[in-house]
Number of protein chains: 2
Amino acid sequence: MSAAAADKHLSERAQHLLRALVERYIRDGQPVGSRMLSRESGMDISPATVRNVMADLEEMGFVDSPHTSAGRVPTVKGYRFFVDTLLEVQPLAETEIETLRDTLSIGDADNPQILLTSTSNLLSAITRMAGVVTLPHRDNPSWRQIEFLPLSDNRVLTILVLNQREVQNRILHLDRAYSADFLRQAANYLNAQFTGRSLKEVRARLIRELRETRASLNDMMLAAVNMAEKVFAAEEDAGKNYVMAGETNLMDFAELSEIERLRKLFDAFNEKRDILHLLDQCAGAEGVQIFIGEESGYNILDDLSVVTAPYSVDDQIVGVLGVIGPTRMAYDRVIPIVDITAKLLGAALNSRK
Amino acid sequence: MSAAAADKHLSERAQHLLRALVERYIRDGQPVGSRMLSRESGMDISPATVRNVMADLEEMGFVDSPHTSAGRVPTVKGYRFFVDTLLEVQPLAETEIETLRDTLSIGDADNPQILLTSTSNLLSAITRMAGVVTLPHRDNPSWRQIEFLPLSDNRVLTILVLNQREVQNRILHLDRAYSADFLRQAANYLNAQFTGRSLKEVRARLIRELRETRASLNDMMLAAVNMAEKVFAAEEDAGKNYVMAGETNLMDFAELSEIERLRKLFDAFNEKRDILHLLDQCAGAEGVQIFIGEESGYNILDDLSVVTAPYSVDDQIVGVLGVIGPTRMAYDRVIPIVDITAKLLGAALNSRK
DNA sequence: CCGTGGCACTCATCATGCACGAGTGCCAGC
DNA sequence: GCTGGCACTCGTGCATGATGAGTGCCACGG
């Protein structure tokens, strides 16, 4: 065991070589040999020396060799060290930022669904990997307005507006018809009571009133309460979904050439559960977060990395977006792209108000 | 050239053998040899005789051999003949129908989106292939009711109800605020004019009135007309989408083992254009339709078959559903499944009214 | 004339062997 | 501590040959 290996600290030279190795491997996905490194590292160093350093790095777990006489490949630990301390993030060119801004601000800002879809497409298009954006979801939305529109027979179209502009509608089936006047009064009553209150509060009061004055509540009110309950549930589920684009880009990476792996991965994308768990974790942190290979904790993502950033409306984090690609992705480009896209999406959503 | 080959008509025996061959090939995907057929056909016939018949069938284009000494494989023409004249459709077991009915009627019939998604899932689950369901779309929906709800500032939430229960909403940005009273009057006016009319008619009259009485139309009306126009457009686009499930099932078929093919196919699924064109064609025909291999006209679907059936509400075809799988799919099972699922989906949508 | 057994032939598949080249580990020398 | 040299390892590509499934054709017999 060499001195360097025993010592936890990586020498300047070892770091430089590790960095060259990771960059090279990210570029073309081939195990990197000693000769290549000795030429490309920029340092005046012979292949034999490089080999010695590599032996140390391997012992410390930063690199690995697929077999005896192949070059070296970064391990997860190697990528992690690279990302944490060696990486120089490339600031995006002003023109690139401009492109992003254009796509995200001009677009149908009116329709959030479309905005999210194009954001996801955008991420996948410029990174050539898979882009993902969770649906925005406020923790505790506030009641703004309810309206009842009589339809034929005993059906009533119920519209509930939340926050500034989120609209939910449902059709209630009642056991008898109500007059338009009566419906208007009911809506007025509810609005007077609840406008501006948080849904949590509304729910609590509804339940209380339901108990206290059950006798005085007629079917209409009961149904309305029911509807509100359903809206609560729907609102809570809203965060439980995402838009993904460019999954097929992942098929191009050699790491995923086995059809069986690919199938599991795509199944997981459709299943959504695991991916959502992972993205949820990122909603807490402030800025860009990176999961390399097994770090994610989901073995479907074993040799994939995920780069995420939360996005906010009114300084409140409402969702997460990110990029999924092979561990050997160009972190220096992807990180700022994800970062800026999250900020621009937040801005676009804010401007809609 | 033998007599049988010159003659356009297939002998009883040739048909029987072709049928045995197709059935066998559908079961295990391997080219079928003469010995196998002579044993399995049920006829008392030697392999050599089978070979003679095969030579005829090959000359007529019903079967093909991948190379000199492999067995025979059905061609598109072979499948077509099989499906058209040899196939005995398996009636579904009552229990299977029951399962289908349960899933489709119990479910959240209230929310059509969910209903469609579960139909698609159902199709893919029982066929182990990809299921697809287009969004329902009426040719010429009728105006039922419009309502304007004032929001803050100059924004007005506009709700348009079509047919019995389809609800569209949009937020209009106006150049000044209007009173709730004024908005109610405007809505009343529009409803009095248009309720029950078809959207086409409404559009024509709006355009005419817009021209004739431009002076008298205020901003509010202009915006409402604008909104209606947008709803028309959205309504026309509604048919331009579908829900797909179980695409990953297709990865299991050897025919698609090349990653490049697979990628093109999945890209086409995401792109939706070609698939929609194909499905649109099926909206005309009455019952189940089958496209085998190149018959679809889209070379992404070259060795895939598509089995579709339209589904109806109020005896009007509003959408199409189907299954996409390898040409060697079990047509005898898939055809009745698609058929019945279409009928049950129509029934489920009808019952929601 | 049709069905049949037999025989030569074809072709994909698989295992084997071999040469090549990239790259490593180690050692001795500067 | 760095370097060149050397033996060694291992994946890749290629040619080879055996195997087996299956065909096409032909001659024979009912």
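Residues numbered from 1 in each chain as written. Chains lettered and ligands numbered in written order. Predicted model: local features only at pLDDT ≥ 70, side-chain atom pairs only at ≥ 80, totals over all residues.

Peer 1: Report on the overall build of chain A, specifying residues and quantitative values.
Peer 2: What chain A contains, in helices and strands, is 13 helices and 10 strands. Put simply, chain A has 353 residues, and 34% of those count as buried. (Helix = DSSP H or I, 4+ residues; strand = E, 2+ residues; numbered from the N terminus. Buried ≥ 20, exposed ≤ 12 C-beta atoms within 10 Å, placed from the backbone.)

Peer 1: I'd love a proper account of the interface of chain B and chain A, names of residues and values included.
Peer 2: On the chain A side, the residues contacting the 19 residues of chain B number 20 residues. Among the secondary structure elements, those contributing two or more residues to the side of chain B that touches chain A are strand E4 (143–150), strand E5 (155–162), strand E6 (166–173) and helix H11 (259–271) of chain B. Of all the elements, H11(B) adds the most residues to the side of chain B that touches chain A, at five residues. Residues belonging to the side of chain B that touches chain A are distributed by class as follows: 11 nonpolar, four polar and four charged. (Contact = placed C-beta atoms within 7 Å. Nonpolar A, V, L, I, M, F, W, Y, C, P; charged D, E, K, R; others polar.)

Peer 1: With reference to specific residues and values, describe the relation of the copies chain B and chain A.
Peer 2: For these two chains of identical sequence, chain B goes onto chain A by a turn of 180 degrees and a shift of 0.0 Å along the axis, with RMSD 0.2 Å. Taken together, the turn and the small shift mark the pair as related by a two-fold rotation axis. For chain B, the minimum C-alpha distance to the rotation axis belongs to B:Ile259 and amounts to 3.8 Å. Comparing interface residues between copies, 100% of those in chain B also sit at the interface in chain A, which points to an isologous, same-surface contact. (Least-squares fit on C-alpha atoms with pLDDT ≥ 70 in both.)

Peer 1: Residues and numbers for the protein's contact with DNA strand D, please.
Peer 2: By nearness alone, 21 residues border DNA strand D, and A:Ser46, A:Thr68, A:Ser69, B:Gly33 and B:Ser34 come closest of all. Looking at the surface near DNA strand D, the elements that each hand over two or more residues are helix H4 (47–60) of chain A together with helix H3 (34–40) and helix H4 (47–59) of chain B. Broken down by element, the surface near DNA strand D gets its largest block of residues, four residues, from H4(B). (Near = placed C-beta within 6 Å.)

Peer 1: Account for the protein's contact with DNA strand C, naming residues and giving values.
Peer 2: Within the structure, DNA strand C sits among 22 residues, and A:Gly33, A:Ser34, B:Ser46, B:Thr68 and B:Ser69 are positioned closest to it. Looking at the surface near DNA strand C, the elements that each hand over two or more residues are helix H3 (34–40) and H4 of chain A together with H4 of chain B. Residues of the surface near DNA strand C, tallied by class, amount to eight nonpolar, 11 polar and three charged.

Peer 1: Run through the sheet that holds strand E10 (residues 316–326) of chain A, naming residues and quoting values.
Peer 2: Residue and element names in this part refer to chain A. The strand order E7-E3-E10-E9-E8 describes an open sheet built from five strands, whose pairing is antiparallel. In the strand order of this sheet, the two ends are held by strand E7 (242–245) and strand E8 (289–292), each with one partner. Between one strand and the next, the sheet's axes are offset by a mean angle of 15 degrees, whatever the strand orientation. Along the sheet, helix H12 (residues 273–282) contacts strand E3 (130–134), E7, E8, strand E9 (304–313) and E10; its crossing angle with E9, the most-contacted strand, is approximately 55 degrees. (Pairing = 2+ DSSP bridges. Axes fitted to C-alpha atoms, helices over the stretch in contact; angles between N-to-C directions.)

Peer 1: Which residues make up the sheet that holds strand E8 (residues 289–292) of chain B, and what values go with them?
Peer 2: Residue and element names in this part refer to chain B. Here five strands make up an open sheet; going across it, the order is E7-E3-E10-E9-E8 and the pairing antiparallel. In this open sheet, the two edge strands, each paired with only one partner strand, are strand E7 (242–245) and E8. Within this sheet the neighbouring strands show an average axis-to-axis angle of 15 degrees, counted without direction. With four bridges connecting them, strand E3 (residues 130–134) and E7 associate as antiparallel partners. Residue pairing for E7: Val133 is matched across the bridge by Val243. Each of E3, E7 and strand E10 (316–326) touches helix H7 (residues 112–127); the most contacted strand, E3, lies at about 155 degrees to it.

Peer 1: Could you give an account of H12(A), naming the residues involved and the relevant values?
Peer 2: Residues and elements named next belong to chain A. Looking only at H12, the buried set comprises Ile275, Leu278, Leu279 and Cys282. What you see down the axis of H12 is that its buried residues fit within an arc of 95 degrees, all on one side. Exposed residues on H12 whose side chains face more than 90 degrees from its buried face are Arg273 and His277. (Arc of directions from axis to C-beta.)

Peer 1: Talk me through the environment of A:Ile126; I want residue IDs and the actual numbers.
Peer 2: Residues and elements named next belong to chain A. Mapped onto the elements, Ile126 comes out in helix H7 (residues 112–127). A tally of 20 C-beta atoms within 10 Å means that Ile126 is categorised as buried. Through-space distance from the C-alpha of Ile126 to that of Ile337 is 8.5 Å; in sequence the pair is 211 residues apart.

Peer 1: So what about the environment of B:Ile324? Which residues, and what values?
Peer 2: In this fold, B:Ile324 is placed in strand E10. Not counting the four nearest positions on each side in its chain, B:Ile324 is found in contact with B:Met129, B:Ala130, B:Val132, B:Leu304 and B:Val306.

Peer 1: For unusual backbone geometry, give the residues involved together with the corresponding values.
Peer 2: Residues and elements named next belong to chain A. Positive phi, close to 60 degrees, is recorded for Arg128, a residue that is not glycine. The topology assignment puts Arg128 in the loop between H7 and E3. Its 15 C-beta neighbours within 10 Å are what place Arg128 among the partly exposed residues.

Peer 1: Give me the lowdown on helix H2 (residues 12–28) of chain B, citing residues and values where you can.
Peer 2: Residue and element names in this part refer to chain B. For H2, with 17 residues, the first-to-last C-alpha span of 25 Å sits near the 24 Å given by 1.5 Å per residue. Inspection of H2 places Leu17, Leu18, Ala20, Leu21, Val22, Arg24 and Tyr25 among the buried residues, and these make up the whole buried set. Phi turns positive one or two residues past the end of H2, at Gly29, with a value near 70 degrees. (Expected span 1.5 Å × (residues − 1).)

Peer 1: Provide a residue-level description of the confidence of the model for chain A, including the pertinent values.
Peer 2: All names here are of chain A. Model confidence for chain A is summarised by a mean pLDDT of 85, while 88% of its residues fall at 70 or above. At the level of individual helices and strands, chain A shows its lowest average pLDDT in helix H1 (residues 3–6), which scores 39, and its highest in E3, which scores 97. This stretch, residues 1–7, has a pLDDT under 50; its non-local contacts, to residues over four places away or in other chains, come to nine contacts. (pLDDT = per-residue confidence, 0-100.)

Peer 1: Let's hear about the packing of H7(A) against helix H13 (residues 331–351) of chain A: which residues, and what values?
Peer 2: In a pair of packed helices, the angle between the axes and the distance between the axes together describe the arrangement. Residues and elements named next belong to chain A. Interhelical geometry of H7 versus H13 gives an angle of 165 degrees and a closest axis separation of 11 Å. It follows that H7 is roughly antiparallel to H13 by the angle criterion. Classified by chirality, the crossing of H13 by H7 is right-handed. Between H7, through Pro112, Leu115, Thr119, Leu122, Leu123, Ile126 and Thr127, and H13, the contact on the second element is made entirely by Val334, Ile337, Thr341, Leu345, Ala348 and Leu349. Residue composition of the contact of H7 with H13, by class: 10 nonpolar, three polar and no charged. (Parallel < 35°, antiparallel > 145°, perpendicular 65-115°, else oblique. Left-handed = near helix turned anticlockwise from the far one by under 90°.)

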